[in-house]
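Topology and contacts: notes
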Amino acid sequence: MLYIWLEGEINDYLGKIIPNPIPPLVAIPTTAGTGSEVTQFTIISDTKRDIKMLLKGPCLIPKLAVIDPFFTLSAPPKVTSSTGLDALTHAIEAYTSKKAQPLSDIFAISAVKRIFKNLLKTYNNGKDTDARREMSIAALEAGIAFNNSSVTIVHGMSRPIGAIFHIPHGLSNAMLLNNCLEFALKGAVERFCDLAKAIGTYKEGMTELEGGQSFINSVGKLCSDLNIQTLEEFGVDRNEYFGSLDKMAEDALQSGSPQNTRRNPQKEDIVKIYRSLWK
Ligand SMILES: [Fe+2]
């Protein structure tokens, strides 16, 4: 195999597909979250411009992934919860994306079920090997799902918060999750209702909208049980946050991810959701 050095700066590849082969890549996950072991995406922080660059290309899919849940046993509770919610976000976004397709749906639904059954268990008892194994499988499934159908508004809005305020990826996703899903629900009522059926919160007699809402309520309850911090609790400065709204909204849209949502968010929608995060 001939490896050709890429020309230019790494940020020249923002938003483009990297065409060149790279040396063989082996991925060994030590958390159950990102799904990077099976995806063509990677994130590199551009600290000069305060953005997280989404880079993509089939060459970024590892040649080999070693997924052994024992490597995740020592992950502390905060890392366990935020990475697990990252995996949940991948699965939900993959299932409700405009680019969802039948095969990615199978992996997404399976991941959502496993995460609802096991994430809280791993948070409360990191040594629960059965639950850790289920979470490792779920993160893998969610990775396969979003690698084929993309992420949507949560990830699009999460990267700017993470880049400017240095909030870990899974945590900024979790902070946004409920408010973004409330926005996305109206464009994908049936899909959210499917998710409610998958985790058992849909009850006979409910409308699809009520079913979808019951799923989102369960996501909120899970985030609360996992003690997800607010922006204020994390130490974000209120003035700096509100002063960054315009840049964050621009950067979110620039990434292309929000446009995969089945309800097309405009810049003012994104700003409104960012504002709503400040309790
Ligand atoms: Fe993610």
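Only a predicted model underlies this, so the values are computations on that prediction, with no experimental measurement involved.

A few words on unusual backbone geometry. For Ser-150, which is not glycine, the phi dihedral falls at a positive 75°. For Ser-150, the position within the fold is in the loop between helix H3 (129–149) and helix H4 (153–165). Under the relative-accessibility criterion, Ser-150 is labelled buried at 15%. Backbone geometry places His-166, a non-glycine residue, at a positive phi of 55°. Mapped onto the secondary structure, His-166 falls in the loop between H4 and helix H5 (169–185).

Moving on, we come to the domain arrangement of the protein. According to the domain assignment, the protein consists of domain 1 (10–65) and domain 2 (73–277). If you look at the interface, domain 1 gives 18 residues, while domain 2 gives 25 residues. Of the roughly 1600 Å² buried at the junction of domain 1 and domain 2 (both faces included), carbon and sulfur atoms supply 62%. Contact with domain 2 buries area across many residues of domain 1, yet Ala-32, Asp-50 and Lys-52 alone supply 34% of it, more than any other trio.

Before going further, it helps to spend a moment on the UniProt feature "domain: Alcohol dehydrogenase iron-type/glycerol dehydrogenase GldA" (unreviewed entry) in the protein. Under the present numbering, the feature "domain: Alcohol dehydrogenase iron-type/glycerol dehydrogenase GldA" (unreviewed entry) in UniProt falls on residues 10–69. Between the C-alpha atoms that bound residues 10–69 the distance is 33 Å, and the span itself is 0% helix and 27% strand.

Here the focus is the pairing of strand E3 (residues 51–56). As judged from the six bridges shared by strand E2 (residues 41–46) and E3, these two strands associate in the antiparallel manner. Within the sheet, the bridge partner assigned to Ile-44 lies in E3 and is Met-53. Connecting E2 to the next strand, E3, in antiparallel fashion are four residues, including Asp-50 with a positive phi near 55°.

This part is about the packing of helix H2 (residues 102–124) against H3. H3 packs onto H2 with a crossing angle of 150° between their chain directions and a minimal axis gap of 8 Å. Judged by the angle between their axes, H2 and H3 are roughly antiparallel. As for how H2 packs across H3, the hand of that crossing is left-handed. Every residue of H3 that contacts H2 at Ser-104, Phe-107, Ala-108, Ser-110, Ala-111, Arg-114, Ile-115, Asn-118, Leu-119, Lys-121 and Thr-122 is listed here: Ala-131, Arg-132, Glu-134, Met-135, Ile-137, Ala-138, Glu-141, Ala-142, Ile-144, Ala-145, Asn-148 and Ser-149. Considering only residue class, the contact of H2 with H3 consists of twelve nonpolar, six polar and five charged.

Procedures and definitions
Residues numbered from 1 in each chain as written. Predicted model: local features only at pLDDT ≥ 70, side-chain atom pairs only at ≥ 80, totals over all residues. Heavy atoms only, no water. Helix = DSSP H or I, 4+ residues; strand = E, 2+ residues; numbered from the N terminus. Buried < 20%, exposed > 50% of the residue type's maximum accessible area, 1.4 Å probe, protein only. Domains from an automatic or database assignment. Contact = heavy atoms within 4.5 Å. Buried area = accessible area lost by both parts, 1.4 Å probe. UniProt positions renumbered as here; feature names shortened; annotations may be inferred. Pairing = 2+ DSSP bridges. Axes fitted to C-alpha atoms, helices over the stretch in contact; angles between N-to-C directions. Parallel < 35°, antiparallel > 145°, perpendicular 65-115°, else oblique. Left-handed = near helix turned anticlockwise from the far one by under 90°. Nonpolar A, V, L, I, M, F, W, Y, C, P; charged D, E, K, R; others polar.

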